[in-house]
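Observations on chain architecture
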Amino acid sequence: MAVEILELARGTDDLLLVGIQRRGVELAERIARLIEKEEGVAVPRGALDITLYRDDLGTVGPKPVIGETHLPGDLTGKHVVIVDDVLYTGRTVRAALDELADFGRPKRISLCVLVDRGGRELPIQADIVGKVLKTAPGDRVDVQVEELDGRDQVDLVR
Amino acid sequence: MSLGKDLTGLEHMTAEQIRLILDTAEPFKEVSERPIKKVPALRGKTIVNLFFEASTRTRVSFEFAEKRLSADTVNVAATGSSVSKGETLVDTARNLEAMRIDMVVIRHPSSGAAEFLGNRIASNVINAGDGQHEHPTQALLDLLTIRDKHGKIEGLKVCLVGDVLHSRVARSNLWGLTKLGAEVAVCGPWTLLPRGIEELGVKVFGRIEAAIEWADVLNVLRLQLERMEKGFIPSLREYYRVFGVTPERLERSPRAITIMHPGPMNRGVEIDSRVADGPHSVILDQVTNGVAVRMAVLYLLAGGRAELADAAKGGGGTE
């Protein structure tokens, strides 16, 4: 995936990796480290929590816990790559796009996900996908990362 | 865990609920640092700020919090509204509700006004200060500021200085601090300390020097000037001489003491200007934190129906 991002962005100029809280942040961090090893360039990275941009905030209760958002400076002119663990309905990505627009005007935004499980409710597709999983609406896809969960694992729970 | 419908005071809240508000305030600090200081969390919600008493800081702070969450807001002041024509509080609120509002932020000179209103209307009610009863969001922002500065609240020694008797800020602080495990003391002239306060487990200092020697944090309350006219203190000059927080007195503190004040300050009465603007002061951090705390309270109280949450969860992944 790191190589694909380099190909997509044609190098590391203006590249910025933004992980979606929480597992996406860890994945973005790992991809950035791989790129650093490969290219010898430190790629700036950020974390985005999309809770306050959710389209169902008025109906969920109790209110979801809000994670940290930090982006390195103005996004104008940058090529932002959103990194997340699972792409499903596309609503998280919709929220992330709206939130990023409040931080500037990137020249391009791409999407990189570890797992694409289908089931889209919005016209959103990923540019880079680690693995495509065929799932039914009732299934659950649990991604675990070593930094938070002690191991790297993807479970499909039926 | 939720907060329920209204926020009327800290007295009946649990430590977990208070911590939930403080923890939720953390990410909201960052929103006010963004180039576009606005998130769509309360889009479409209508909030009325109903202020029956003068206020700058609290009203502006609530209004910023509401606007940064994208709520629509209306300010109603007692003067110039139908209140001055003799309309009752409940009638005013019911008329506002008939225009389909979602939340009311109320400041009122009568103790218990916020709870009274909360029990009579369907909208969420937030107490922005009621008489001598409570000012919960002020205490919450004080708690957040203490936690920022000291990394914890439990085990800290906090002394409220001055007019504790008439202060709703003091009352809310007392509940909040003790629930979160701080040691609390009060210091001031006997005429301005509530009788029997020791029975709540609160230490009492008659001398400011002793309080400074004991405390990690001094929360210096505003001396309400009308108290002098009513004979609670002989003169402002004497008050400053005996209880004023001065740099000379702070030098005797054995530790890095933190100085707080809820504002508005009477410089040269309860607090010396050199202290208010000095290195120990976190008075402006309190104001900054006020917006974040109020955003957290608005976010946690607004709307939300539990039965829909499960339906929304369904899928998996981060969706």
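Placed above this text is the structure.
Predicted, not measured: the structure shown is a model, and the values here were computed from it.

Calculation criteria
- Residues numbered from 1 in each chain as written.
- Chains lettered and ligands numbered in written order.
- Predicted model: local features only at pLDDT ≥ 70, side-chain atom pairs only at ≥ 80, totals over all residues.
- Heavy atoms only, no water.
- Helix = DSSP H or I, 4+ residues; strand = E, 2+ residues; numbered from the N terminus.
- Rg over C-alpha atoms; globule rule 2.2 N^0.38 Å.
- Buried < 20%, exposed > 50% of the residue type's maximum accessible area, 1.4 Å probe, protein only.
- Contact = heavy atoms within 4.5 Å.
- Areas by Shrake-Rupley, 256 points an atom, 1.4 Å probe, with all protein chains shown as cover.
- Phe/Tyr/Trp six-rings, centres within 6.5 Å; stacked < 30°, edge-to-face > 60°.
- Lys NZ or Arg CZ within 6 Å of the ring centre and 35° of its normal.
- Core = buried A, V, L, I, M, F, W, Y, C linked by side-chain atoms within 4.5 Å.
- Pairing = 2+ DSSP bridges.
- Right-handed = clockwise from strand over helix to strand, strands pointing away.
- Axes fitted to C-alpha atoms, helices over the stretch in contact; angles between N-to-C directions.
- Expected span 1.5 Å × (residues − 1).
- Left-handed = near helix turned anticlockwise from the far one by under 90°.
- Nonpolar A, V, L, I, M, F, W, Y, C, P; charged D, E, K, R; others polar.

Another point: the overall build of chain B. Helix and strand content of chain B: 13 helices and 9 strands. Computed over the C-alpha atoms, the radius of gyration of chain B is 20 Å, within 12% of the 20 Å expected from 2.2 N^0.38 for a compact globule of 319 residues. By its C-alpha atoms, chain B is 60 × 55 × 40 Å across when sized along the principal axes. When burial is assessed residue by residue, chain B has 55% of its 319 residues classed as buried. Relative to all contacts within chain B whose residues are 6 or more apart in sequence, the contacts with residues 24 or more apart total 73%. Only carbon and sulfur atoms are counted for the fraction: they give 50% of the accessible area of chain B, which is about 13700 Å².

With that settled, the discussion passes to the packing of aromatic side chains. All names here are of chain B. Scanning the entire structure with this criterion turns up 3 aromatic pairs over all chains. Here the aromatic rings of F205 and W214 are separated by 5.5 Å at their centres, their planes lie at 55°, and the arrangement is tilted. Side by side, F205 and W214 carry an identical accessibility label, which is buried. The cationic tip of R68 hangs over the ring face of F64; the distance from NZ or CZ to the ring centre is 4.7 Å. Across from the ring centre of F62, 4.9 Å away, lies the NZ or CZ of R294, which sits over that ring.

As a further point, take the nonpolar core. In this structure, L52 of chain A together with F28, I126 and L140 of chain B are the most contacted members of the largest nonpolar core, which totals 85 residues. In terms of residue count, the dominant contributor to this core is helix α12 (residues 283-301) of chain B (10 residues). In contact with I126 of chain B, not counting residues within four places along its chain, are L7, F62, M103, V104, V105, I106, T137, V297, L298 and L301 of chain B. Formed by 26 residues, the second largest nonpolar core is a distinct cluster that contains W214, I233, V245 and I283 of chain B.

Okay, the pairing of strand β5 (residues 157-161) of chain B next. Residue and element names in this part refer to chain B. Most of β5 is tucked away: 4 of the 5 residues are buried. Sheet topology places β5 next to strand β6 (residues 183-187); 5 bridges connect them, and they run parallel. Bridging across to β6, C159 finds its partner in A185. Following the backbone out of β5, through helix α6 (residues 168-179) and into the adjacent parallel β6, one traces a crossover that is right-handed. Across 4 bridges, β5 lies against strand β8 (residues 217-220) in parallel orientation. Across the sheet, V161 pairs through a bridge with V220, a residue of β8.

Residues and elements named next belong to chain A. Sheet architecture is open: 5 strands sit in the order β2-β1-β3-β4-β5, paired in parallel fashion. With one partner strand each, in any of the chains shown, β2 (45-48) and β5 (128-132) form the two edges of the open sheet. On average, each strand axis in the sheet is inclined to that of its neighbour by 25°, with strand direction left out of account. Looking at chain direction, strand β3 (residues 79-87) and strand β4 (residues 108-116) are connected through 8 bridges and run parallel. Looking at the pairing, H79 lines up with R108 of β4. Lying on the sheet, helix α2 (residues 23-39) is in contact with β1 (15-20), β2, β3 and β4; it crosses β1 at an angle near 150°.

Our focus in this paragraph is unusual backbone geometry. Keep in mind that most residues, glycine aside, have a negative phi and that most peptide bonds are trans. Each neighbour pair has its own omega, and for Q21 of chain A with R22 of chain A the value is -5°, a cis peptide bond. Relative to the assigned elements, R22 of chain A resides in the loop between β1 and α2. The linkage connecting G263 of chain B with the following residue, P264 of chain B, adopts the cis geometry, with an omega of -10°. By the secondary structure assignment, P264 of chain B is in the loop between β9 (258-260) and α11 (273-276). Its identity is not glycine, yet D14 of chain A carries a phi of approximately 65°, on the positive side. Relative to the helices and strands, D14 of chain A is located in the loop between α1 (2-9) and β1. Judged by its relative accessible area of 36%, D14 of chain A is partly exposed. Its identity as a non-glycine residue notwithstanding, S70 of chain B has a phi of 70°, on the positive side. Counting through the fold element by element, S70 of chain B comes out in the loop between α2 (57-68) and β2 (72-77).

Here we take up α2 of chain A. Since one α-helical turn is 3.6 residues long, residues separated by three or four positions face the same way. Residue and element names in this part refer to chain A. Counted at 1.5 Å a residue, the expected span for α2 with its 17 residues is 24 Å, and the 24 Å between its end C-alpha atoms agrees. Buried residues of α2: G24, E26, L27, A28, I31, A32 and I35, and no others. Against the buried residues of α2 lie α1, β1, β2, β3, β4 and α4 (146-149). G40 sits one or two positions beyond α2 and adopts a positive phi of about 70°.

To continue, consider the packing of helix α1 (residues 15-31) of chain B against α12 of chain B. All names here are of chain B. At their nearest, the axes of α1 and α12 sit 7 Å apart, and the two run at 115° to each other. Along this stretch, α1 crosses α12, giving a crossing that reads as right-handed. Here L20, I21, T24, A25, F28, K29 and V31 of α1 come into contact with α12, specifically with N289, A292, V293, M295, A296, V297, Y299 and L300. Its residues placed into classes, the contact of α1 with α12 shows 12 nonpolar, 2 polar and 1 charged.

Okay, the sheet that holds strand β7 (residues 203-205) of chain B next. Residue and element names in this part refer to chain B. Spatially, 5 strands are ordered β7-β6-β5-β8-β9 in an open sheet, and the strand pairing comes out parallel. Two strands lie at the open edges of the sheet, namely β7 and β9, each paired on one side alone. Taken over all neighbouring pairs, the strand axes of this sheet differ in orientation by 25° on average, direction set aside. Note that β6 and β7 share 3 bridges and pair parallel. By the bridge assignment for β7, C187 is matched with F205. Its contacts with the sheet put α6 on β5, β6 and β8, and the angle it makes with β5 is roughly 170°.

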